[in-house]
Amino acid sequence: MANLVTCRSLAKSFGAQSLFNGVDLVVSGGDKIGLIGPNGSGKSTLLKIVCGLEEQDEGTILLQKHVRLSYLAQADHFDDERSCADNLLQALEGSDFDSTERLHRVRSLLSRAEFEDIDVPVAKLSGGWRKRLAICRSLLTGPDVLVMDEPTNHLDIEGILWLEELLKSGLHEGPKAFLLVSHDRRFLENCTNRIIELSASYPSGSFEVNGNYSQFLEEREKVIQLQAENEVRLSNKVRRETEWLRRGPKARTTKARYRIDEAYRLQDQLTEVKTRNRAGGSVQLDFDSTGRKTKKLLEAVGLTMGYDGQNLFSDLDILLTPGSRLGLLGRNGCGKSTLMKILAAGGDDNSSGPDSGSIRKADNVQIASFDQNREQIDPTVTLKRALSPEGDSVVFQGRSLHVVSWAKKFLFNVDQLETPVAQLSGGEQARILLANLMKRPADILLLDEPTNDLDIPSLNMLEESLLDFPGALVLVTHDRFLLDRVCDNLIGFDGKGGVAYYADYTQWLDDLKTSDSLQETNKKEKPKSKKSSGKKPGRLSYMDQREYDTMEERITEGELGIEELQARMESPEVVADSSQLAECWQQLEELKARVEDLYERWDELEAKKES
C-alpha cells in the first residue's frame, strides 16, 4: 500500500537543546503507530511537524496527494458557552459538506461517543467528556491519518476503553491510519501494531518495532543488551590500546601511526557509546517510611458523604495496615478525590470530614498526600526554591543533600534550577510534587492521579518504589497497568452513591455495565408491580448477583456445546473411529452434567431472590 506520509531525516532543536536528529517516519494505510519516549525527547514537537503546525530544522515531509491529516492536541479549546453540537458544527464551517451532512456527521459522532445530551454547554462537561468531544472534533472531516497527542489524558477507565474500541474499529470506517503519543502502556498494548521510541539511547535517535508494546519491550531489551556488550568490548579494546600507547616513544614509530590514530578513534567511540547507554535516565524514586509496625494504621467505619444533594458514597469501611495497597475506581466526579481528602484529614479536620462515620488512626501516624492539582506548587518560584524552600539543601532519609544532587535524582539539569515553575512541563511539575512527597517519612501514602504527565521510564520507577514501600498505600489512577501491578484490593464507585470492594477493575466494569443496563431497562419498561421491578439485587450478595446475571448466557453456551457434540458424534469420520467416538461421548456426558448443575444453581438463586 502506498505511503500516506513519508518523513526523512527530520531534525529539530530549541536553542542549544537538540530534541531529535535524523528521524525517519513512514505512515501507511493500516498503521497504528504508538510514539513513545522520555519527557523532552520531542514527541509532541514531531507530531506538530508532521501535521504542518511547526517547521522542522532539517529533513523533508512528503504527503500522498489529497491525503487529509487531523491533529488532536493535549489541551482542548472550545467555546464553553456553546453546546457540544454547536462547537462541532462550528468546526465544520468552511467545509465542503452541506448543512444536512454536517448535522448528520455531528449527531452521529456524538452518539458514537455516548453523549446523552448534545445540547449541554461545554462549560458543564467534566475533563473526560471534554476530551471525548475533542476526539469527535478530530474525526469530523473524515481524516486519512489521525494524529493524537496523549488522547487518554483526562479520560477515566470507561473513556479509555471507549477510545480503544473506537480505534480498533475506526480503520474500517474512519482514518486509514493513526499516529499517537501515549504513556498508557495498556492502551499501547491494545491499540497499536507499531511502536517507535525517540531516545538519545539509540545511535539513530529512534528505535522502531512492528508489533504491540509487549513485543517492543522484548526487542528493545535485546538492543540494550547488545549495546551494553558493545561497550564492554570497546572498553577492553581501549584498555589494550591505551597500554600500548603508554609503552613509550620507541613504540611510536611512523609505521605505527595508523595504530595511534585507531587508538584515539576507539576512545572517542567508547565515549559516545557510554553517553548513549546512559542517556534517558530514570527518576530515582524511593518513598521514605517511618518503619512502624502497628497493625492498624487507620480504620474508617461507615463513611458517608454527599455533595449538593448527591450521595457520593455511604457506609464505607476501610482498614489500612502496613503493606496494604488499595486502589480507588470510579467515573470522574464520583467522589474518589473527596474520599482521599477525608482520609488525609484523618478525622482531625471537621471541615474535611465525612457527613457521617468515624475515622480512627494510630497515635502519631504520618500521612503524606499527592494531589493531582498542580496549583499546590507556586508557579512564580524557581525550580530550586520549589525543590528546596529552606535553602540550598534538603534532608532525605536522615541525610543532607545539596539541591543540585536532589534535582538530578529527578532528571533536572543544573541550568534549570533558576527556571520559574510556570515554564516547566506538566511532567516536570509532577516530578517536583513527587520529590517533595519523598522528603516526608510516611506510614500512609495517598496518591491522587500521580501518573499524569509522567513518561514511561518514570512510571516504571514509580511502580517499583510503591511495591517497595512498607507502609499503606491508597491510589487513584486510570492507569490499568499500574493498578494491576501495584494494588491488591480495589474500591469501586458506581456514581450513584454505591461502593463495593473488587478483585480487579474488570469486575467493577462488569458490575457497572450491569447496573447501567438495568437502569436503561427500567427507563424503557414501566414496572407493573413491585415484584416485576427488574433484577436489581436486593437479597442476593454481590457475588451471587454477578453469578445470577451470567447464568442464562452460560446455560445457552452449554446447550449449544451439547448440540455440537451430538452432531459431531453422528459424522462418518467419528462413527468410524471408536476412540474419537468414546472421547466425544465422555465430553457430552460431562457437559450435560454441567448444564444440569447450572439449572439447579439458577433455581437456587431464583429462590433466594424471591425469599
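Residues numbered from 1 in each chain as written. Predicted model: local features only at pLDDT ≥ 70, side-chain atom pairs only at ≥ 80, totals over all residues. Heavy atoms only, no water.

Another point: the overall build of the protein. Of the regular secondary structure elements, the protein holds 18 helices and 20 strands. Buried residues in the protein amount to 45% of all 611 residues. Long-range pairs, those at least 24 residues apart, make up 68% of the contacts in the protein with a sequence separation of at least 6. As displayed, the protein has an accessible area near 31600 Å², and 47% of this comes from carbon and sulfur atoms. (Helix = DSSP H or I, 4+ residues; strand = E, 2+ residues; numbered from the N terminus. Buried < 20%, exposed > 50% of the residue type's maximum accessible area, 1.4 Å probe, protein only. Contact = heavy atoms within 4.5 Å. Areas by Shrake-Rupley, 256 points an atom, 1.4 Å probe, with all protein chains shown as cover.)

Attention now moves to the nonpolar core. Counting residues in each nonpolar core, the largest one holds 46 residues, and the members touching the most others are Leu387, Trp406, Ile432 and Leu445. Looking at this core, the element that brings in the most residues is helix H12 (residues 426-438), giving 7 residues. Formed by 41 residues, the second largest nonpolar core is a distinct cluster that contains Ile135, Leu140, Tyr202 and Tyr213. (Core = buried A, V, L, I, M, F, W, Y, C linked by side-chain atoms within 4.5 Å.)

In any sheet, the strands associate via hydrogen bonds between backbone groups, in a parallel or an antiparallel arrangement. In spatial order, the strands read S2-S1-S4; together these 3 strands make up an open sheet with antiparallel pairing. Both edges of this open sheet fall to strand S2 (17-28) and strand S4 (58-63), since each of them pairs with a single strand only. Strand-to-strand twist across the sheet, computed as the mean angle between neighbouring axes with direction ignored, equals 10°. Summarising the sheet, strand S1 (residues 3-14) and S2 pair through 8 bridges and their orientation is antiparallel. Residue pairing for S2: Thr6 is matched across the bridge by Val26. On the sheet, helix H1 (residues 43-50) packs against S1, S2 and S4 and is oriented at approximately 130° with respect to S1. (Pairing = 2+ DSSP bridges. Axes fitted to C-alpha atoms, helices over the stretch in contact; angles between N-to-C directions.)

Moving on, we come to helix H3 (residues 99-112). Given a rise of 1.5 Å per residue, 14 residues ought to cover 20 Å, and the 20 Å separating the end C-alpha atoms of H3 matches this to within 8%. Looking only at H3, the buried set comprises Val106, Leu109 and Leu110. Projected onto a plane normal to the axis of H3, the buried residues spread over an arc of 100° and lie on a single side. For H3, exposure combined with an orientation more than 90 degrees from the buried face picks out Thr100, His104 and Ser111. At its buried positions, H3 is contacted by helix H2 (84-91) and helix H4 (127-139). Measuring from the side-chain oxygen of the N-cap residue of H3 to the backbone nitrogen of Thr100 gives 3.2 Å; that N-cap residue is Asp98. (Expected span 1.5 Å × (residues − 1). Arc of directions from axis to C-beta. Polar contact = N/O pair within 3.5 Å; in protein donor to acceptor, adjacent residues only side chain to side chain.)

This part takes up empty space enclosed by the protein. Unoccupied space between atoms shows up once a probe the size of one water molecule is rolled over them. Enumeration according to the criterion identifies 3 cavities of 30 Å³ or more in this entry. Estimates place the volume of the largest cavity at around 50 Å³. Lining the largest cavity are Ile36, Gly37, Pro38, Glu197, Tyr213, Phe216, Arg220, Ile456 and Pro457. The element best represented in the lining of the largest cavity is helix H7 (residues 213-245), accounting for 3 residues. Grouping the constituent residues of the lining of the largest cavity by class yields 6 nonpolar, 1 polar and 2 charged. (1 Å grid on protein atoms, 1.4 Å probe; cavity = no way out; pocket = protein on both sides within 12 Å on 5 of 7 lines; lining within 4 Å. Points joined across faces, edges and corners; volume = space filled by probe spheres on them. Nonpolar A, V, L, I, M, F, W, Y, C, P; charged D, E, K, R; others polar.)

This brings us to the packing of aromatic side chains. In the structure shown here, the tally under the stated rule is 7 aromatic pairs. Consider the rings of Phe396 and Trp406, whose centres lie 5.3 Å apart with planes at 50°: the pair is tilted. Residue Phe396 is found in strand S15 (residues 393-396), and its partner Trp406 is found in helix H11 (residues 403-409); the two are separated by 10 residues along the sequence. With a centroid separation of 5.1 Å and 70° between ring planes, the pair formed by Trp406 and Phe410 is classed as edge-to-face. Connected via pairs of aromatic rings, a cluster forms that spans Tyr202, Phe207, Tyr213 and Phe216. The aromatic ring of Trp129 is capped on one face by Arg132, whose charged end is 4.3 Å from the ring centroid. Lying across the ring of Phe412, Arg431 places its NZ or CZ 4.9 Å from the centre. (Phe/Tyr/Trp six-rings, centres within 6.5 Å; stacked < 30°, edge-to-face > 60°. Lys NZ or Arg CZ within 6 Å of the ring centre and 35° of its normal.)

It is worth spelling out the pairing of strand S16 (residues 399-402) at this point. As paired strands, S15 and S16 are joined by 4 bridges and run antiparallel to one another. Across the sheet, the residue bridging to Val395 is Ser400, located in S16. Counted between consecutive antiparallel strands, the loop separating S15 from S16 contains 2 residues, among which Gln397 sits at a positive phi close to 50°.

Bringing a positive patch on the surface into the picture now. A contiguous patch of positive charge on the surface is contributed by Arg233, Lys237, Arg239 and Arg240. Relative to the elements of secondary structure, Arg240 occurs in helix H7. (Patch = residues over 30% accessible without salt bridge, like charges linked within 9 Å, V, L, I, M, F, W, Y side chains within 5 Å. Salt bridge = Lys/Arg side-chain N within 4 Å of Asp/Glu carboxyl O. Lys, Arg positive; Asp, Glu negative; His and termini not counted. Charge placed at Lys NZ, Arg CZ, Asp CG, Glu CD.)

As a further point, take helix H9 (residues 336-345). Every buried residue of H9 is listed here: Lys336, Leu339, Met340, Ile342, Leu343 and Ala345. Gly346 lies just past H9 and shows a positive phi near 60°.

So, about unusual backbone geometry. The phi dihedral of Ser9 is positive, around 50°, even though this residue is not glycine. Among the structural elements, Ser9 can be located in strand S1. Of note, the phi angle at Asn364 is positive, near 60°, even though the residue is not glycine.

This next bit is on the side chain of Asp448. Of note, Asp448 is situated in strand S17 (residues 444-448). With no salt bridge to any partner, buried Asp448 finds its closest opposite charge in Lys336, at an N-O distance of 7.0 Å. Of note is the side chain of Asp448, whose polar atom sits 2.7 Å from the side chain of Ser337. Once you skip the residues sitting within four places of it in the chain, Asp448 turns out to touch Ser337, Met340, Phe370, Asp371, Gln372 and Val476.

Here 3 strands make up an open sheet; going across it, the order is S11-S10-S13 and the pairing antiparallel. This sheet does not close on itself; its edge strands, each paired only once, are strand S11 (310-320) and strand S13 (356-361). Between one strand axis and the next, the sheet turns through 20° on average, direction left out of account. The sheet contact formed by strand S10 (residues 298-307) and S11 spans 7 bridges and is antiparallel. Across the sheet, residue Leu298 finds its bridge partner in S11, namely Leu320. Strands in contact with H9 are S10, S11 and S13; relative to S11, the strand with the most contacts, it is inclined by about 45°.

Looking now at a negative patch on the surface. A contiguous patch of negative charge, built from Asp79, Glu81, Asp86, Glu116, Asp117 and Asp119, is present on the exposed surface. By the element assignment, Asp117 lies in the loop between H3 and H4.

Within S17, 5 of the 5 residues are buried, which leaves it mostly tucked inside the rest of the structure. Burial along S17 is two-sided: the residues Ile444, Leu446 and Asp448 and Leu445 and Leu447 are all buried. Both strand S14 (residues 367-370) and S17 contribute to a ladder of 4 bridges, which runs parallel. By the bridge assignment, Ala368 is partnered in S17 with Leu445.

Turning to the confidence of the model for the protein, a few remarks are in order. On average, residues of the protein score 83 in pLDDT, and 87% of them reach the 70 mark or higher. A low-confidence stretch, residues 526-538 (pLDDT under 50), is modelled with 13 contacts involving residues beyond four sequence positions or located in other chains. (pLDDT = per-residue confidence, 0-100.)

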